[in-house]
Amino acid sequence: MDAPRYNTREAEAKWQKKWDESGVFLARNEDPRPKYYVLEMFPYPSGRIHMGHVRNYAMGDVVARFMRAQGYNVLHPMGWDAFGLPAENAAVQNKTDPAAWTYANIAAMRAQLKSMGLSIDWSREIATCDPAYYKHQQKMFLDFLAAGLVDRKKSKVNWDPVDETVLANEQVIDGRGWRSGAPVEQRELTQWFLKISAFAEDLLDSLDRLDRWPEKVRLMQRNWIGKSEGLSIRFALAPGKLDAREIEIYTTRPDTLFGAKFLALAPDHPLAERAAERDPSLAAFIAECNLRGTSEAAIETAKKRGYDTGLRARHPFDSDWLLPVYVANFVLMEYGTGAIFGCPAHDQRDLEFANAYGLGNTPVICPPGIDPTTFKIADEAYEGDGTLINARFLDGLSVEAAKKEVVRRLEAARLDGRPQAKRQIHFRLRDWGISRQRYWGCPIPIIHCKKCGVVPVPETDLPVELPHDVSFDQPGNPLARHPTWKQVTCPTCGGPATRETDTMDTFVDSSWYFLRFTDPWNAAAPTTERAVTHWLPVDQYIGGIEHAILHLLYSRFFTRAMQQTGHADSLKEPFAGLFTQGMVVHETYRTADGGYVSPAEISIESGPEGRCAFIREGHRPVEIGPIEKMSKSKRNTVDPDEIIASYGADTARWFMLSDSPPERDVIWTEEGVQGAAKFVQRVWRLVGELALVAAPEGAPSPPRFSAPAREIRKAAHAALVRVEDDLRRLRFNRAIAQIYDLANKLSAAIGAIEAPSISPDLRFAFREAADIFVRLFAPMMPHLAEESWAQFGHAGLVAEAPWPVAEKSLIAEDTVNLPVQVNGRKRADLVIERNADTAAIERAALALDGVRRALDGKPVKKVVIVPQRIVNVVA
RNA sequence: GCGGGCGUGGCGGAACUGGUAGACGCGCCGGACUCAAAAUCCGGUUCCCUUCAAACGGAGUGUCGGUUCGACUCCGACCGCCCGCACCA
């Protein structure tokens, strides 16, 4: 009697093979159907997939399968972000070749991803460490160089002492390297930069049009780009020890100019350094500032400190008004002009500084409703709006008007024959330093010649390939100490020259891989214009929020640079739709001595005191700790391989998508997985039962349907409408709830069958509902869906079956159930004809027992009727 | 400090643009099947009051107030948690 269990292992292997052989997931560039490009952020080949990957790729696969069923030509590719430091670390530890290590990892992870049953076009697979890939990247670097989008300059850079390489600003998190976690040091090095700042304005403005991006990500990018509109003003210096004539400062508050008390220079401002040459104690102060600047702890606690240079600057509106010039620890050389004027009354930092050095303050902006004669500033600067006071010709103006007036006057004023001030827009965004002093990355295709300087590698010599005979027995860059690799002849003069030994930041590799997927077979060029135009932008990109700035900003820059150099003529924005999924988190377990224990080693028991955890071996109790992101250090990871082996890929996918909204963290629990596994078996039993009661495929639609048949049809079509809507909006958890609901209703309908023979209309309804049901869960549980589809006698694959079309007329009811409230509280239900007029509804509502009881004889003041929704009786 | 998000049963979460709060799942409780267990199936499950049981009733979406016929949803203040940025002139 018992239905056979669904054998996940056999079925999943079988259908994966079928998909593979039939090539259903291969996307053709010439396909005439409308295109849809869905992409998940490609993985780093660490060696094993983790649950975060499972979640990410399960989501993308649902979208891909759903859109395919919707009739789209879907591109859903996969590749490997294959360069990077872990390969070198492995090389050091295991004496392996980074390339061999990487490719072995790729093979292992490819097999794991395939076991998930993802609908990926594997014919387009790429690895960024493949010379066939990075050759094009080198070509683009040279094109960017020719187009003026590459810079080589000496600058202060973030140096990671553990990874022994430079990091971009975006890769420094809280003063530490994003990968090593080591406190970052400042070093002065000559580096290659991509001029992302050239596109700052466009990168900022275009954010407004990315309406299918999370607002949070757009905001983070907006803040990162950090546009500020202000005025740079040149202050003349009174004659003094130095022969300097002026200081240029930057301000966004020119309206407060009459509140000025001092000027301040960054410790590394050129003028400060010159002054220090004559003043040893200033030099000492600057040295101290530089020391502090590097440690993050110092920044938080740093007091405002300064040193009077002795220089005096003339106020732009009053040449007799002299302002002291300080070097101050809170002024940054990297921002604006590295110099400010201080207005203590209206800037908190300036106030703290002025109070520390007894410089006083003069309020020049009076808040609304405050008496200007008594308005005083003590410890808190007033940074709000108001009316100008103590400000000569600006008195009485608003802040806005005062700004305009100062700008107008100073732009017209001359100092040494040039305008004294000019409006300036400043961005926080710095150029992207891409030089890395590492081996396992894309070589920068440059040759250094003593005679000719920096010479690009000729295109015909590309790719500049990494050598394989390198040693990792000492720290530093193996490329730099390779005996022969860097020795070349200069392409220009033919003399002896050396290769650039820096490689590119791996974020360059990931800045254009999504373009390469559109035609990975093009050996001659990075992209094929027709393919790019056809597929891009990516319609739905899915990945972690941790790339909100790094990868997503770099890619937006890169497509612009590619557009400018003819590699993506029609493209500006790479990702039309972005979705950032939450993390996979899990309980932690610790023994009495504080050591972490992995979930695989413990069992959970529910007792009278709630849940308790024990180590299986020896039944020793462990403490259940907080729920945290899965990580090796907390030992709270769950291995996808083990889950797939014991429960199947469909179970893992279903659970990943079911419990939490996709943008939030999902808590991985053993109970949850078991629930999903139980549902897989339940569906299989239900499918068996449906197969017995359903009409054969192609059975004609009967002319009339009985009430039970209509109920079944209604349930199926209602679920269809909802699931479709939820999947379109990536609300996987809701879609799954609808599917559970439909399964419950179908089970109940089968249980309700009484007659020994089932009427044709009921059989037809079951048939229709069964076919809809399978296609609804197919995007999430594709293997079970194929097995079910075959069970129902369909010849083709459900992966190729079109999405069913909902019949809206089946969902609409003849009668509606209107809740009736009295004074906003529900007191009764009113079942009434759908088209009943308001008078009839009111009459019927007032006649209800529950309503009469609640009214208790009180007179009715008013009856609010919202058609199809609700009735509210006000008494 | 600045900016943003979030607070709903024992738990994860539903509730479309203000209209029946708690869909669906997990867990738990009870029952059926079984020698027993697992699996499966059926029923119950916000809290309080009343009750053999129910009906009826009351309270309820972090707290306090407001707008509205009606508030998880809108507005104001506060409390708590999370995230991003941070001496940015």
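Owing to the predicted nature of the structure, the values given are computational and were not obtained by experimental measurement.

The rules behind these values
- Residues numbered from 1 in each chain as written.
- Chains lettered and ligands numbered in written order.
- Predicted model: local features only at pLDDT ≥ 70, side-chain atom pairs only at ≥ 80, totals over all residues.
- Heavy atoms only, no water.
- 1 Å grid on protein atoms, 1.4 Å probe; cavity = no way out; pocket = protein on both sides within 12 Å on 5 of 7 lines; lining within 4 Å.
- Points joined across faces, edges and corners; volume = space filled by probe spheres on them.
- Nonpolar A, V, L, I, M, F, W, Y, C, P; charged D, E, K, R; others polar.
- Salt bridge = Lys/Arg side-chain N within 4 Å of Asp/Glu carboxyl O.
- Helix = DSSP H or I, 4+ residues; strand = E, 2+ residues; numbered from the N terminus.
- Buried < 20%, exposed > 50% of the residue type's maximum accessible area, 1.4 Å probe, protein only.

(A) Region of the structure containing empty space enclosed by the protein. Across all of its chains, the model carries three cavities of 30 Å³ or more by this definition. Of the voids in this model, the largest cavity is the one considered here, and its volume is about 110 Å³. Here the lining of the largest cavity is built from residues that sort into seven nonpolar, no polar and three charged.

(B) A look at the pattern of salt bridges. Considering all chains together, one arrives at 51 salt bridges under this definition. We note a salt bridge from Lys-572 to Asp-202, for which the minimum N-O separation is 3.3 Å. Of the two residues, Lys-572 is situated in the loop between helix H17 (550-564) and strand S29 (578-581) and Asp-202 in helix H6 (residues 200-205); the sequence distance between them amounts to 370 residues. Judged by its relative accessible area of 22%, Asp-202 falls in the partly exposed class. For the salt bridge of Arg-253 with Asp-255, the shortest nitrogen-to-oxygen distance reads 3.1 Å. A residue is classified by how much of its surface remains accessible, and Asp-255, at 0% relative accessible area, is buried. Where salt bridges share partners, they join Asp-202, Arg-556, Arg-560, Lys-572 and Glu-573 into one cluster.

(C) View of unusual backbone geometry. Residues Leu-462 and Pro-463 are joined by a peptide bond in cis, for which omega reads 0°. Relative to the helices and strands, Pro-463 is located in the loop between strand S24 (453-456) and helix H13 (478-481). The residue after Leu-536, namely Pro-537, is reached through a cis peptide bond having omega 0°. Its place among the elements puts Pro-537 in the loop between helix H16 (529-535) and strand S28 (540-544). Unusually for a residue other than glycine, Leu-730 sits at a positive phi of about 60°. At Gln-868, a position not held by glycine, the phi torsion is positive, near 65°. Within the secondary structure, Gln-868 is located in the loop between strand S38 (862-866) and strand S39 (870-874). Gln-868 gets classed as partly exposed once you look at its relative accessible area, which sits at 41%.

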